[in-house]
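Structure at a glance
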Amino acid sequence: MAFPVDLRRCQVLGLAGTACLALGGGTAGALPVADLLHPASARAALGLVGVYFGVVLLIAAWLLLGRLVRGPRPPEPRSLLLVLATWAAPLLLAPPLFSRDVYSYLAQGAMVQGHLDVYAHGPARLGGPLADEVAPLWRHTGAPYGPVFLAVAAALSGLTRGELPAGLFGMRLVALAGVALMAAALPRLARHSGADPSAALWLGALNPLVLLHLVAGAHNDAVMLGLLGVGLVAGLGRWPVLGAVLVTLAALVKAPAVLGLAAVVALQVRAGRSPAKALVTTIVAAAGTTVAATAVAGTGYGWIGALTTPVSPQNWALTTLLGRVTRALLEHLGSDLAPLAIPAWHALGIVAAVIAIALIWLRLRLRPVYALGLSLAAVAALGPAIRPWYALWGLFLIAAAPSTSVRHRAAAVTGVLALSVLPSGGPADTGQLLLAVSGGALAVVVLWQAHQAELAPALGRAA
């Protein structure tokens, strides 16, 4: 007998999940240095169990909601937006979770505010308490972000006067604004693509990765995707220049969004413009936006060189993993080529991504939104670095595709990636992994018991 599902049940279950996330994050999250607890302490251990308990509850609520969305009477987009707001609410005041990147954002904003070259120097040049919050790996690394995001971070730094709690809250509000733009754009993109708007919102906005990383982690990918989404919506209508401007602004947050300009051109061609006119209009709008945004931000064009910012040696991208294996084999053989293994695989990954993107657009040029989603997914999968939230680059737009099989695969990927990072954002040891598994297993037991309790009265009546 099936587990009874209704929108209210999904809303409450997901709220319980994010509430546990927020509470557990209070001792196990990516806390300020002064508040960090030793991972072996009882409070940190309890928090870690609570976070993973909440993650599993959230995933379960999302999957049940997906069943409802695929049912005969799916909820309206407006109802799903209310669910998203409800699930996100407990995370608004929670500490940063699953990453310390938000501290880098704040330090880089303070550097721009202080007229320091954020592309030539890392936060260590800023010094002070704010720089101490940045993960050691990135303290001496220049910013890999575009001038639009750094201008936002600098403005926030000026408003909060370097106060850490206010800065963290402000950066989360910026991320929430990006998520709101994503949610606003998805129904329109889905209708354009012939997909169900409710199903698109379920996969692209209510996705656990959005809540865990864009909201709880306050990542600037939310701003990039939000601007990209509304830019594509503008490109669908009578505002192709505005579309190009917004997509360019998204790329000036994080570079992968620049692929969206190809979709803006394709949408203009579909609307009846000549390819040459569409291309020239988009290039002019993008160039003008880039010059204006860089001038307003005052950061100069160092962001172009920052595109080659080195990646973390602990990163687990496919090409990096293959490079490590190759390097180990070459070192075992005593070859002098061992140091070149990882750079070579990174170069091969870039070439493979370019080829994949070309093939995608040749096949799907009449479906530009879907083609863009697959292209961004290829960039994330084949690039030199990957994080769980990078999967959202492609998922956000793939969600608007009328393909059930793609949706099922994306849901499976989401479930795996949602469980792949510790709430502190640091590497895991055996003890922490056991605690995380214990928290998830406890949630499974509670869900199973609730399932049995729901079935018991029905079985009694049937008997």
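Everything numeric here is computed off the predicted structure, so don't read it as measured data.

Another point: the side chain of Gln 432. Summarising the element assignment, Gln 432 is placed in helix H20 (residues 430-462). Excluding anything up to four places from it in sequence, Gln 432 contacts Pro 39, Leu 48, Leu 422 and Pro 427.

Opposite charge on two side chains permits them to pair, given that their charged atoms come into close proximity. Summed over the entire model, instances satisfying the criterion amount to three salt bridges. Among the ionic pairs, Asp 6 bridges to Arg 9, the shortest N-O distance being 3.9 Å. Residue class for Asp 6 comes out partly exposed when judged on its relative accessible area of 33%. A residue is classified by how much of its surface remains accessible, and Arg 9, at 26% relative accessible area, is partly exposed. Between Glu 133 and Arg 100 there is a salt bridge, with its nearest N and O atoms 3.3 Å apart. Here Arg 100 lies in the loop between helix H3 (77-88) and helix H4 (101-113) and Glu 133 lies in the loop between helix H5 (128-132) and helix H6 (147-160), a separation of 33 residues in the sequence. Both residues of the pair, Glu 133 and Arg 100, count as buried.

This paragraph deals with the packing of helix H7 (residues 164-193) against helix H9 (residues 208-215). The interhelical angle for the contact between H7 and H9, taken along N-to-C directions, is 150°, at an axis separation of 10 Å. One element, H7, and the other, H9, form an angle in the roughly antiparallel class. Where H7 abuts H9, its residues Arg 172, Ala 175, Leu 176, Val 179 and Met 182 lie against Val 210, Leu 214 and Val 215. Here the residues of the contact of H7 with H9 are counted per class, giving seven nonpolar, no polar and one charged.

Here is what the cut-offs are and how they apply
- Residues numbered from 1 in each chain as written.
- Predicted model: local features only at pLDDT ≥ 70, side-chain atom pairs only at ≥ 80, totals over all residues.
- Heavy atoms only, no water.
- Helix = DSSP H or I, 4+ residues; strand = E, 2+ residues; numbered from the N terminus.
- Contact = heavy atoms within 4.5 Å.
- Salt bridge = Lys/Arg side-chain N within 4 Å of Asp/Glu carboxyl O.
- Buried < 20%, exposed > 50% of the residue type's maximum accessible area, 1.4 Å probe, protein only.
- Axes fitted to C-alpha atoms, helices over the stretch in contact; angles between N-to-C directions.
- Parallel < 35°, antiparallel > 145°, perpendicular 65-115°, else oblique.
- Nonpolar A, V, L, I, M, F, W, Y, C, P; charged D, E, K, R; others polar.

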